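Notes for the structure review
The primary structure of each chain is shown beneath.
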Amino acid sequence: MTVLVTGATGSVGRHVVDRLVAAGVGVRVLTRTPAAAGFHAGVEVFEGDLEQPETVHAALEGAESLYLFPVPQTAREVVAAAKEAGVRRIVVLSSSSVLDTSGDNHSGEHHRAVERAVEESGLEWTFVRPDEFASNVLWKWAHSIRTESVVRAPYGNAPRVLIHEADVAAVAATALLEDGHAGEAYVVTGPEAITQADQVKAIAEAGGRPISFEEISPDQAREFMGRVMPAPVVEMVLGYLADACVNPPVPVDTVERITGRPALTFARWAADHAADFAPLPVAVAA
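Position labels on residues start from 1 in each chain and follow its written sequence. For this predicted model, a pLDDT threshold of at least 70 governs which residues receive local features, and a threshold of 80 or more governs which side-chain atom pairs are given and counted, while totals over whole chains, interfaces and linings are taken from all residues. Side-chain calculation: all heavy atoms of the structure are included, whereas hydrogens and water are not.

1. Examining the nonpolar core
Let me state the cut-off plainly: Among the buried residues, those of types Ala, Val, Leu, Ile, Met, Phe, Trp, Tyr and Cys that are joined through side-chain atoms within 4.5 Å form a nonpolar core. The classification of residues rests on relative accessible area computed with a 1.4 Å probe and restricted to protein chains. Under 20% of the type maximum is buried, over 50% is exposed, and intermediate values are partly exposed. A run of H or I in DSSP becomes a helix once it reaches four residues, and a run of E becomes a strand once it reaches two; helices and strands are each numbered from the N terminus. Any two residues having at least one pair of non-hydrogen atoms within 4.5 Å are treated as being in contact.
Judged by nonpolar contacts, the single largest core of 31 residues is most densely connected at V5, V16, V17, L20, V27, V29 and Y67. Listing elements by their share of this core, those giving two or more residues are β1 (2-5), α1 (11-23), β2 (26-31), β5 (89-93), α6 (165-177), β9 (184-188) and α10 (254-259). For this core, the element with the highest residue contribution is α6, accounting for seven residues. Residue contacts for L20: discarding those within four places in its chain leaves V3, V5, V25, V27, A173, L176 and L177. Within the second largest apolar cluster, 25 residues are counted, among which are L50, V79, V87 and V114.

2. Considerations on the side chain of R160
Short version of the rule: Under the rule applied, a polar contact is a pair of N or O atoms within 3.5 Å (in protein, one hydrogen donor and one hydrogen acceptor; residues adjacent in sequence only if both atoms are side-chain atoms).
Summarising the element assignment, R160 is placed in strand β8 (residues 159-160). For R160, a relative accessible area of 7% gives the class buried. One polar contact links R160 to E132, side chain to side chain, over a distance of 2.6 Å. Residues contacting R160, with those up to four places away along its chain left out, are D131, E132, E192, A193, I194, Q199, Y240, L241, A244 and P249.

3. Focus on unusual backbone geometry
The phi torsion at S149 lies on the positive side, around 60°, for a residue other than glycine. Tracing the backbone through its elements, the reader meets S149 in the loop between α5 (136-148) and β7 (150-153). Of note in this structure, Y155 is not a glycine but carries a positive phi near 55°. Tracing the backbone shows Y155 in the loop between β7 and β8. For Y155, a relative accessible area of 23% gives the class partly exposed.

4. Re the packing of aromatic side chains
In plain terms, the rule: Aromatic rings from Phe, Tyr and Trp, with only the six-membered ring used for Trp, were paired whenever their centres fell within 6.5 Å, and each pair was classed as stacked if the ring planes differed by under 30 degrees, edge-to-face if by over 60, and tilted otherwise.
Applying the stated criterion to the full structure yields three aromatic pairs. Pairing W125 with F127 gives two aromatic rings, centres 4.1 Å apart and planes at 15°, and the pair type is stacked. Judged by its relative accessible area of 15%, W125 is buried. Judged by its relative accessible area of 1%, F127 falls in the buried class. Their ring planes at 25° and their centres at 5.5 Å tell us that F266 and W269 sit as a pair that is stacked.

5. Regarding the environment of R146
By the element assignment, R146 lies in helix α5. Taking the C-alpha atoms as reference points, R146 and I211, separated by 65 residues in sequence, lie 9.6 Å from one another. Setting aside its immediate chain neighbours within four residues, R146 contacts R209, A275, D276, F277, A278, P279 and L280. A distance of 2.6 Å separates a polar atom in the side chain of R146 from the backbone oxygen of A278.

6. Examining the pattern of salt bridges
Which entries qualify depends on this criterion: Throughout this description, the term salt bridge denotes a Lys or Arg side-chain nitrogen within 4 Å of a carboxyl oxygen of Asp or Glu.
Applying the stated criterion across every chain yields a total of 19 salt bridges. We note a salt bridge from E132 to R160, for which the minimum N-O separation is 2.6 Å. Of the two residues, E132 is situated in the loop between β6 (124-130) and α5 and R160 in strand β8; the sequence distance between them amounts to 28 residues. There is no split in this pair, since E132 and R160 are both buried. The partner of D253 in a salt bridge is R257, and the shortest N-O contact between them spans 3.5 Å. Overall, D253 belongs to the partly exposed group, its relative accessible area being 48%. For R257, a relative accessible area of 52% translates into the label exposed. The network of salt bridges with shared partners includes R88, R89, E124 and D179.

7. With respect to α1
Condition: In this analysis, the expected span of each helix is defined as 1.5 Å times one less than the number of residues it contains. This arc corresponds to the set of directions leading from the helix axis out to the C-beta atoms.
Compared with the 18 Å implied by 1.5 Å per residue over 13 residues, the 19 Å span of α1 between its first and last C-alpha is a close match. Turning to α1, its buried residues number three or more, namely V12, G13, V16, V17 and L20. Take α1 and look down its axis: the buried residues cluster within an arc of 140°, on one side only. For α1, the elements touching its buried residues are β1, β2, β4 (65-68) and α6. Backbone geometry just after α1 places G24 at a positive phi near 85°.

Structural data, given as structure tokens:
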């Protein structure tokens, strides 16, 4: 079996590659920067870009399965090229946001377009729909933790079922490697609902130093978050947090059911990423 992994340099994609290599199958990756990819020896590296479907054909030739990173603008062209090349199985990195059918969910519409393109292709498909990634706390909090040892956020008591990116990859790799997952849409969560304040405590424990949590208003958060992310995404995140205070999310057992082992805790994720929250080195004057 030969599997093509797109989005291979991403946080999930690299774990997918590792699992496929460990399983002994042929692995190809598609990347815009092959020289900087840094994959295992034996992994075939192809230069290409999902936003330019004409660059994907060479990597698809001879591949039987495809791990598809979601790029809705060109999903139909990429899927058509995969079908023409003889790919028979596609596993899509999607999102649980597709379950929100209000039409106002930016992420849901983004991922639903990719799912629809794959589903309508007639190929064997599996959708992996992670809930909120634990890694989201990196862009939200890493800078203030590294520079001030503090997190400022609204809804400190809002629980989330944060998922380790390695668990998303484990489910995706299983669906790529094994039969029996065709036509399935797997929602993936972490094993526990953990509040934002307790997430900060876990990061502090993993790093071995105190980190404080300061509650701020949603309007203050909207201003801070708007500096680094689009307004629709800001509103989506704040909406999730507000709703979680009233309707706490419930973990699902997808990771254990599909992979045979329990999902990784947020504490484990914090330990794996402790270096990302380490204090920035202090500049020494010459």
